[in-house]
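# Understanding the architecture of this molecule
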Amino acid sequence: MTTNRSRMEAHSLLLGIDIGSVSISLAAIDSERDVCQTAYQFHHGDIAGAFRKMMAAFDPGQICGIAATSSTPSMIKATRHYDNRVAIMAAAQKFHHHPGGILIVGGQAFGLIGFNEQGRYRSFRTNSSCATGTGSFLDQQARRLNLQSAEALSKKALDNGGSIPKIAARCAVFAKTDLVHAQQEGYTLEQICDGLCYGLAKNIVDRLALDRDPFTPIIFTGGVSRNRAVVQHIKSITQKEIIVDPTGVYGALGTGFLLFDEWRESDTVGFRSVNDM
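Our subject in this report is the structure included herewith. (Residues numbered from 1 in each chain as written. Predicted model: local features only at pLDDT ≥ 70, side-chain atom pairs only at ≥ 80, totals over all residues. Heavy atoms only, no water.)

What follows concerns the overall build of the chain. Scanning the chain from N- to C-terminus turns up nine helices and ten strands. Split into buried and exposed, the 277 residues of the chain put 50% on the buried side. Contacts in the chain between residues at least 24 apart in sequence constitute 66% of all its contacts with a sequence separation of at least 6. Per element, the accessible surface of the chain, about 13000 Å² overall, is 49% carbon and sulfur. (Helix = DSSP H or I, 4+ residues; strand = E, 2+ residues; numbered from the N terminus. Buried < 20%, exposed > 50% of the residue type's maximum accessible area, 1.4 Å probe, protein only. Contact = heavy atoms within 4.5 Å. Areas by Shrake-Rupley, 256 points an atom, 1.4 Å probe, with all protein chains shown as cover.)

As structure tokens, then:
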């Protein structure tokens, strides 16, 4: 019987690509279905430029196929495109034996995939079109606080050892008012950042009923899963086991795994440089 492994040359790689509203994720897997290389970067609207810079760390000559998420722009010539949720599920189910649910929080949206007791897909719940409760919301608040990024905001939040102000993370307009009020009341920058992270975490939990659904453990992926302060608050609010995606690129990895499972010899493509992609 001919296997996918035997149809792929030992030195060949499949490249998975996931481009979202604010970031690019890349992941290369080999003929053993092992992860060889990953990369993650914000594109700041310059998708082509950021993608080219990231690909400088990869060897196009080793790539025999490209898989991409459905959110990835058509400018990327992929062998196959896969639904974002399906890709994330493929990665989560490879690395975690029996996930109860998958929490996805990105730059513009968040959602919860639920599985039944047999590990089969059960449901998906998402937020509205409003970006409040996502990475973009934290980026906006970071700028208001004269911080370079949401990552800097998270670090400040983790340094907080005191109380936190109440900040309405459900609405960016109200959040701005609450920030000003907190500053007037004498809260430190660390307390304000922690209050923002708590507010965002509470908003995610409430909108997705994360504390009421039976799903556990929860696999947490997407850009906001890199925010340790938000992760800690979600754990505290829900009292559930929250397992953070250790790679940070489950979308990209999932497309690679899906392409591997469907691989045909006719899918093989050769690249000399990033211009061929």
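Right, let's get into the packing of aromatic side chains. Considering all chains together, one arrives at three aromatic pairs under this definition. Look at Tyr-40 and Phe-42: their rings are 5.8 Å apart centre to centre, the planes differ by 75°, and that puts the pair in the edge-to-face class. By relative accessible area, Tyr-40 is classed as partly exposed at 23%. Feature note: the residues Phe-95, Tyr-250 and Phe-257 constitute an aromatic cluster, connected by ring pairs. (Phe/Tyr/Trp six-rings, centres within 6.5 Å; stacked < 30°, edge-to-face > 60°.)

Turning to the layout of surface pockets, a few remarks are in order. For the largest pocket, the calculated volume is near 1200 Å³. If you go around the largest pocket, you meet 47 residues; those closest to its centre are Val-22, Ser-23, Gly-106, Gly-107 and Gly-223. Mapped onto the lining of the largest pocket, the elements with two or more residues apiece are strand E2 (23–29), strand E3 (35–42), helix H3 (84–95), strand E7 (110–115), strand E8 (121–126), helix H4 (135–144), helix H5 (150–158) and helix H9 (250–261). Looking at the second largest pocket, its volume works out to about 250 Å³. Along its surface, the second largest pocket is lined by 14 residues, and Lys-166, Ile-167, Ala-168, Ala-169 and Gly-199 are the ones closest to its centre. Among the elements that line the lining of the second largest pocket, the one with the most residues is helix H7 (residues 189–208), at six residues. Residues of the lining of the second largest pocket, tallied by class, amount to six nonpolar, three polar and five charged. (1 Å grid on protein atoms, 1.4 Å probe; cavity = no way out; pocket = protein on both sides within 12 Å on 5 of 7 lines; lining within 4 Å. Points joined across faces, edges and corners; volume = space filled by probe spheres on them. Nonpolar A, V, L, I, M, F, W, Y, C, P; charged D, E, K, R; others polar.)

Turning to H5, its buried residues number three or more, namely Ala-150, Leu-153, Ser-154 and Ala-157. Down the axis of H5, the buried set is contained in an arc of 100°. They therefore lie on one face. Residues Glu-151 and Lys-155 are exposed on H5 and point more than 90 degrees away from its buried face. Its buried side turned inward, H5 meets H4, H7 and helix H8 (228–238). (Arc of directions from axis to C-beta.)

Turning to unusual backbone geometry, a few remarks are in order. Of note, the bond from Thr-216 into Pro-217 is cis; its omega dihedral lies within 30 degrees of zero at -5°. Mapped onto the secondary structure, Pro-217 falls in the loop between H7 and strand E9 (218–221). The backbone phi angle of Arg-33 is positive, close to 70°, even though this residue is not glycine. Mapped onto the secondary structure, Arg-33 falls in the loop between E2 and E3. On the basis of relative accessible area, Arg-33 is assigned to the partly exposed category, the value being 21%.

So, about the sheet that holds E9. Strand order in the open sheet formed by five strands is E8-E7-E6-E9-E10, and the pairing between neighbours is mixed. Edge strands, defined here as strands with exactly one partner in the open sheet, are E8 and strand E10 (242–244). Geometrically, the sheet is characterised by an average inter-axis angle of 20° between neighbouring strands, direction not taken into account. The sheet contact formed by strand E6 (residues 101–105) and E9 spans four bridges and is parallel. Along E9, the bridge assignment pairs Leu-103 with Phe-220. Packed on one face of the sheet, H3 meets E6, E7, E8 and E9 and runs near 125° to E6. (Pairing = 2+ DSSP bridges. Axes fitted to C-alpha atoms, helices over the stretch in contact; angles between N-to-C directions.)

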